[in-house]
Amino acid sequence: MEITWIWTGMVTLSLLFGIATGNLDAVANGALEGARSAIELSLSMAGILCLWSGVMEVMNACGISAGLARLFRPILRRLLPDACRDEEALAAVSANVSANLLGLGNAATPLGIRAARRMARGCGGVASNELCLLVVLNTASIQLLPATIASVRAAAGCQTPFDILPAVWMASAMSVTAGLLAAWLLSHRRAGR
């Protein structure tokens, strides 16, 4: 609801300033140009996202995703020991981490929500440390193949959309490290109260 008010306020202010400065035609043309550009970007990204979603489905059918998820289970058992007692939650967290690793945030979101719902059972409305850690892992994920970012870059006309890989690897590794450290520090601070 708040975003509706923000959006309405921005449009109203734009129209008022356009009227006050005599540039209402420029405001209208800018709005139409922005809408056209948004549609073009959305359509061009849709094709690329469909391609990578198809690749993910092939990986699921071949068992590569399941193998990748199994590879993460020992690490996740150490990070989320309580959640890993629930096999369905562990499977959802493992699949979420592997989808994020492949840069498929749209595919990872439903898996993260399923894992969070399983982990939130019995919390009494207060997020546990492990649930907070899941949010950190989902938000600051390591991406080996940033498919969504590459699709945005390709849609914007970039000839080499994957040339950002080293920067993405370094930034995502640093963000996961910082997120895990912050979650660990805050969980110990919370336990000390």
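It should be noted that the structure appears before, not after, this text.
Residues numbered from 1 in each chain as written. Predicted model: local features only at pLDDT ≥ 70, side-chain atom pairs only at ≥ 80, totals over all residues. Heavy atoms only, no water.

### Quick word on the environment of glutamate 87
Condition: A helix here means a DSSP run of H or I that spans at least four residues, while a strand means a run of E at least two residues long, and both kinds are numbered starting from the N terminus. For each residue, the accessible area found with a 1.4 Å probe, counting protein chains only, is set against the maximum for its type, and the residue is called buried under 20%, exposed over 50%, and partly exposed in between.
Within the secondary structure layout, glutamate 87 lies in helix 4 (residues 87-101). Residue classification places glutamate 87 among the partly exposed positions, given a relative accessible area of 44%. Residues glutamate 87 and arginine 118, 31 residues apart in the sequence, show an inter-C-alpha distance of 10.0 Å.

### Side note on the environment of arginine 153
The criterion, for reference: What makes two residues a contact is simply this: any of their non-hydrogen atoms within 4.5 Å. Each polar contact in these results corresponds to two N or O atoms within 3.5 Å; when the atoms are within protein, one needs to be able to donate a hydrogen and the other to accept it, and residues that are neighboring in sequence are counted only if both atoms are side-chain atoms.
Here arginine 153 shows up in helix 7 (residues 147-155). Sequence-wise, arginine 153 and isoleucine 164 are 11 residues apart; in three dimensions their C-alpha atoms are separated by 10.0 Å. Non-local contacts of arginine 153, meaning those with residues more than four positions away in its chain, are made with Cys158, Thr160, Pro161, Asp163 and Ile164. Within the local environment of arginine 153, its side chain forms a polar contact with the side chain of aspartate 163, the two groups lying 2.6 Å apart.

### Structural notes on helix 7
Here is the rule: Directions drawn from the helix axis to the C-beta atoms are what define this arc.
Turning to helix 7, its buried residues are Ala147, Ala150 and Ser151. Projection of helix 7 onto a plane perpendicular to its axis shows the buried side chains occupying an angular sector of 100°, all on one side. A positive phi of about 100° marks glycine 157, the residue just after helix 7.

### A look at the nonpolar core
Side chains that are nonpolar tend, in soluble globular proteins, to be buried together. Filter applied, for reference: Among the buried residues, those of types Ala, Val, Leu, Ile, Met, Phe, Trp, Tyr and Cys that are joined through side-chain atoms within 4.5 Å form a nonpolar core.
Grouped together as the largest cluster of nonpolar side chains are 23 residues, with contacts concentrated most on Phe72, Leu76, Leu80, Val93, Met119 and Leu134. Counting only elements with at least two residues in this core, the list comes to helix 3 (64-79), helix 4, helix 5 (105-120) and helix 6 (129-139). The element best represented in this core is helix 4, accounting for 6 residues. Not counting the four nearest positions on each side in its chain, leucine 76 is found in contact with Pro81, Cys84, Leu90, Val93, Ser94, Val97 and Leu137.

### Some points on helix 4
Short version of the rule: Here a helix's expected span is defined as the number of its residues, less one, multiplied by 1.5 Å.
Taking 1.5 Å as the rise per residue, helix 4 with 15 residues should run 21 Å; its terminal C-alpha atoms sit 21 Å apart, in good agreement. Across the 15 residues that make up helix 4, a large majority, 11, are buried. Considered for burial, the residues of helix 4 that qualify are Ala89, Leu90, Ala92, Val93, Ser94, Asn96, Val97, Ser98, Ala99, Asn100 and Leu101. Positioned one or two residues after helix 4, glycine 103 has a phi angle of 75°, which is positive.

### Regarding the pattern of salt bridges
What counts here: We count a salt bridge whenever a side-chain nitrogen from Lys or Arg sits within 4 Å of a carboxyl oxygen from Asp or Glu.
Counting across every chain of the model gives 3 salt bridges. The partner of arginine 36 in a salt bridge is glutamate 33, with the nearest N and O atoms 2.5 Å apart. Of this pair, arginine 36 and glutamate 33 are both found in helix 2 (residues 24-62), 3 residues apart, which corresponds to roughly one turn of the helix. For arginine 36, a relative accessible area of 40% corresponds to the partly exposed category. Relative accessible area serves as the criterion here: at 38%, glutamate 33 is assigned to the partly exposed category. For the salt bridge of arginine 36 with glutamate 40, the shortest nitrogen-to-oxygen distance reads 2.4 Å. With arginine 36 and glutamate 40 both in helix 2 and 4 residues apart, this pair spans about one turn of that helix. A residue is classified by how much of its surface remains accessible, and glutamate 40, at 45% relative accessible area, is partly exposed. Within this structure, Glu33, Arg36 and Glu40 form a network of salt bridges that share partners.

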